[in-house]
Structure formats: C-alpha cells, structure tokens
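# Report on the structure
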Amino acid sequence: MASTTPQEVAQQPEGGESSLQELAKRHLWMHFTRMSAYDDAEVPILVRGEGCYVYDEHGKRYLDGLSALFCVNAGHGRAEIADAAAAQARELGFFTNWSYAHPPAIQLAARIAELAPEGMDRVFFTSGGGEAVESALKLCRNWHRLNGDGQRIKVIAREIAYHGTTLGALSATGIPELRAQFEPLTPGGCHVANTNSYRWPEERDELWAADAIEERIVFEGPETVSAVILEPVQNAGGCFVPQDGYFQRVREICDRYGVLLISDEVICSWGRLGTYFGSERFGYVPDLITTAKGLTSAYAPMGALIASDRVAAPFMEGKEMFTHGFTFGGHPVSAAMALANLDIFEREDLCGHVRAKEGELRATLESLRDLPIVGDVRGAGYFHAIELVKDQETKETFDDDESETLLRGYLSGALYEHGLICRADDRGDPVIQLSPPLIADTEQFEEIGSILRTVLTEASDRMGAG
Ligand SMILES: Cc1ncc(COP(=O)(O)O)c(C=O)c1O
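Residues numbered from 1 in each chain as written. Predicted model: local features only at pLDDT ≥ 70, side-chain atom pairs only at ≥ 80, totals over all residues. Heavy atoms only, no water.

## Here we look at the overall build of the protein
Inclusion rule: Secondary structure elements follow DSSP: runs of H or I no shorter than four residues count as helices, runs of E no shorter than two count as strands, and numbering proceeds from the N terminus. Atoms considered for the radius of gyration are the C-alpha atoms alone. The globule rule reads 2.2 Å times the number of residues to the power 0.38. Only protein chains enter the accessibility calculation, which uses a 1.4 Å probe. A residue is then buried if its area is under 20% of the maximum for its type, exposed if over 50%, and partly exposed in between. In this analysis, two residues are considered to be in contact whenever any of their non-hydrogen atoms come within 4.5 Å of each other. Residue exposure ignores everything except the shown protein chains as possible cover, and the areas themselves are Shrake-Rupley values with a 1.4 Å probe. The positive count covers Lys and Arg only, the negative count covers Asp and Glu only, and His and the chain ends enter neither. A charge is said to be at NZ when it belongs to Lys, at CZ for Arg, at CG for Asp and at CD for Glu.
Helices and strands together make up the secondary structure of the protein, namely 16 helices and 15 strands. Whereas a compact globule of 466 residues would reach a radius of gyration of roughly 23 Å, the protein reaches 23 Å, a difference of no more than 12%. Counting only C-alpha atoms, the protein reaches 65 × 60 × 45 Å along its principal axes. The burial tally for the protein puts 55% of its 466 residues in the buried class. Within the protein, contacts between residues separated by at least 24 positions form 70% of all contacts whose residues are at least 6 apart in sequence. Accessible surface computed for the protein: about 20,400 Å², of which carbon and sulfur atoms make up 52%. Computing the positive centroid from 41 side-chain charges and the negative centroid from 71, the protein places the two 3 Å apart.

## Things to note about the site of the ligand
As a reminder of what qualifies: To be near a molecule or strand, a residue needs just one of its heavy atoms within 4 Å of it. Residues adjacent in sequence count toward polar contacts only when both atoms are side-chain atoms; beyond that, a polar contact is any pair of N or O atoms within 3.5 Å, and within protein one must be able to donate a hydrogen and the other to accept it. In this classification, the charged set is Asp, Glu, Lys and Arg, the nonpolar set is Ala, Val, Leu, Ile, Met, Phe, Trp, Tyr, Cys and Pro, and all remaining amino acids, among them Gly, are polar.
Looking at the ligand, the residues that line it are Gly128, Gly129, Gly130, Tyr162, His163, Gly164, Glu231, Asp264, Val266, Ile267 and Lys293. Interatomic distance of 2.7 Å between a side-chain N/O atom of Asp264 and a nitrogen atom of the ligand. The contact in question runs from an oxygen atom of the ligand to an N or O atom on the side chain of Lys293, over 3.0 Å. Coverage of the ligand by the protein amounts to 79% of the 390 Å² it exposes when considered alone. Residue classes in the shell around the ligand are distributed as three nonpolar, five polar and three charged.

## Comments concerning the packing of aromatic side chains
Heads up, the rule is: Planes of paired rings set the category: under 30 degrees apart is stacked, over 60 is edge-to-face and the rest tilted, where pairs are Phe, Tyr or Trp rings (Trp by its six-membered ring) whose centres lie within 6.5 Å. Only lysine NZ and arginine CZ atoms are considered, and such an atom sits over a ring when it is within 6 Å of the ring centre and within 35 degrees of the ring normal.
For the structure on display, the rule yields 15 aromatic pairs. Taking the centre distance of 6.2 Å and the plane angle of 75° together, the rings of Trp270 and Tyr276 count as edge-to-face. Judged by its relative accessible area of 0%, Trp270 is buried. By the ring-pair criterion, three or more aromatic residues cluster together here, those being Tyr246, Phe247, Phe282 and Tyr284. Just above the ring of Tyr55 sits the side chain of Arg48; from NZ or CZ to the centre is 4.2 Å.

Here you go:
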C-alpha cells in the first residue's frame, strides 16, 4: 500500500524529482523493463506529441524515430482521430461484438476487407497484436479439426521472431530468453531459420530459408502441422527482409502440405512498408493476416485477424462458430478512431509518401557505413535496421557482455539524450531500428542521420570497432 496518497504526492512542490517521477517509480510496472535501472535515473515520461515529435515532462523535444514502438503511423497529435473518439463515445461508448454489432465495427471490417488482398473478406477484431496471433493459431487448429485433421496442431515460425507473449503466441515466438521463464508453453511451436542473409555463406541458395520450412514440415509430419507464421519483414533480429521469391516459395510449400499461412503484420501493415499490407508489397496472399498497432495509429488499442473466405467458410455454416472472443474486440471507440485514421491515410496518401521517400531514408542510413561499427543496413519502407559489429570485414559481432555495455551502458541512453527515440536491441545480434511516423520527410531523415553519426562515432571509439 502507498505510504503517501497519489494526491499528496502530486501536490508536492516543484523542483527536485517531480511527483510523476516518484509515482512512476513507486507504482508503475513498465513492460519488458529492468525497473531497477530507474532507481537512480529518471523514468522517461512523455507528455505530448505532435507530428514526428514527442515532448517529455521537462518540455524537451524528441524525434520519435520508432513511431512509439512501430505504432503511430499517421504521426502524433491528430485531432481528427481524437474527435472521432469523442463523437463515438458520446453516441455509443461501448457495446460488445459478442452476438451484437455496431456501425463502427461493421464499417471498419468492410473497409479492411476492401484494402486486404483479394479473397480476404472476414475480419475478427481483437484488442491488440498478441491476441490477433493467439486467435489465428486457435482458428487454424479449429479449421483443421473441422476438416477432419484434428492432429494438425503444430506451428512453424522463425528463429528470433516475436509474435507476442501470451502462452500460445509465445510458442511461436522464437526468442529463447522470452520463453525460458514460462515453460512449458502451448505445445507445437517449431522454429526454422529466418532470412538473415547478412550472415549466410555467399554460395548459399537464395531460397534456402524457404526450403527449410518444407524440410521442417516433412520432419514433423505434414499431418501434424497446422500453420506457418511469418512476418513480411521480420522485426526482432533487425528488419530481416525476404529474399526475392521467398514468399512465393513458402506459399507453394504450404499449399503442397495443406498447411495454412499466417502473415503476421502487426508491424508490417498500414503503410509501414509503403503498402496497406506487407503481403501486398511482396506479392503473396496468405490465409490469415494478423494486424494491430498502425490500424488506429495506436491512438486506441485494437487488433484484427483477417481471414480468407476459404478459412472463414466452415465457420459460417449451420451450427458452427468460432468459440473464441475478447470483450473489447471491435470496441466502437477504437473502430471509429481506426476509420478516422484510414481517412488520413487515404487523404494524405501515406503509403505513396513512404514509397516515394523510403529511398531517401535508406540512403541516410547507408551513408553511415563509413563508421567502423556499422555492419549492415537493411529493411523496407519506413522500417529499417543497422546491425552493429566489432569488425566490418569479418562481421564479427559483440559477445553478451560487450553487447550489454554497448546497448544498455551507452547507446540507449545516448540516443535519448541526443533527442532521438529509436530502438537499440540485442535479441539477435545488436541492432538499431528506425521506424519513423509515415509523415517523416527529408528534415527528419537529416536529423536521424546527424544524431546517429554522433552517437555511433562515439560507440565505435568506445568499443574499439574497426
Ligand atoms: C509481429 C508481431 N506480432 C505480435 C506482436 C504482439 O502485439 P501486442 O504487443 O499488441 O500484443 C507484436 C508486437 O510488437 C509483433 O511485432
């Protein structure tokens, strides 16, 4: 129990540590956060956003080079999304999608179906990305069961991929450190190589990673495999792009063995790659798409599972139903905000803007290759990573202790101090990730380039990269 009430703390005089700091340290449990790191340091408290920028409690401005975790695609401070929320809350603040419908969820489902790849017309709403993945995995099992294939329960995912933290989604997540504390997970998760060709031998076949999926299906026994789940560009590990033809080969493999293909587009939809859906960018049609984040530009929590007509069909007949749901799935206020968000996308042609400008963002990052610590630059759209290495020639990476010193001991703090929010991550090899709001332009790219040059030059010196 709190020794002082929040009201008392909030009334403390200004100066010294702010009352919000004290309350945050005492009560707020931040996600994926070493709380002890803030024992002697300030919690970064962001209070306001406008366009590509956010402001902290002291009024300091930061370039949001991460769209607040790959989320705020339309940029901060969009009053019309807020207005849509207020109008909907006044009209009908909430009603559930359990056996009932309301205009915003219906209109949004229809709009998503119109934008989604051909033949993907059925939308099941969730509260976020992990729930969308969880729903997809359950739907696949259920679909196979209805087809008399009840033993198909396994899901094939890729190493280092992140698909969420609920026990089902976690079984698809391929990051050992995230799984270890929670074993046993939902059974059935199998992992194969990702598409990180930066670390492949040169002579390796381009479609080697796609073929690894077939090998694994055969190894497991096709009659036990339910689904393959892949992101168009894999986030964790640092924006691994697919090789040309990768998804076409995977689609063939899934069809050959009767396995469903889930495109996990929690990040890679809503313009992040310059198209409404990542599958559109790489020219494949999955059986299911999972999405969230940019759907509302994260002004409200919302996710969705988009199903092909083929997968949805058996659930639309007779006494069948998908016995699954979440109270807040399709929340009318979130749906109204998503519709307002998509109006902005259309009016400002945000996808077109990303396609026109992604080359410039890429060139900014490529220009840093003269720094000894920059090993690789990769990604697509407004979703890029820089892999950091000890040695550019040999591609030698940092060991765990060095990575700790580099990322947590220096980079994360230094980037923030210089006014750039981006991600320094070592769930795979150490990377910095950039994923700015889709309205970002030359001015922001120059700012990103300049801050990264300063900070990575210092990082190279400190780590003796060469
Ligand atoms: C590809 C992918 N799938 C699933 C998730 C989980 O989404 P959420 O955090 O909304 O549950 C994420 C989150 O970043 C993600 O990137």
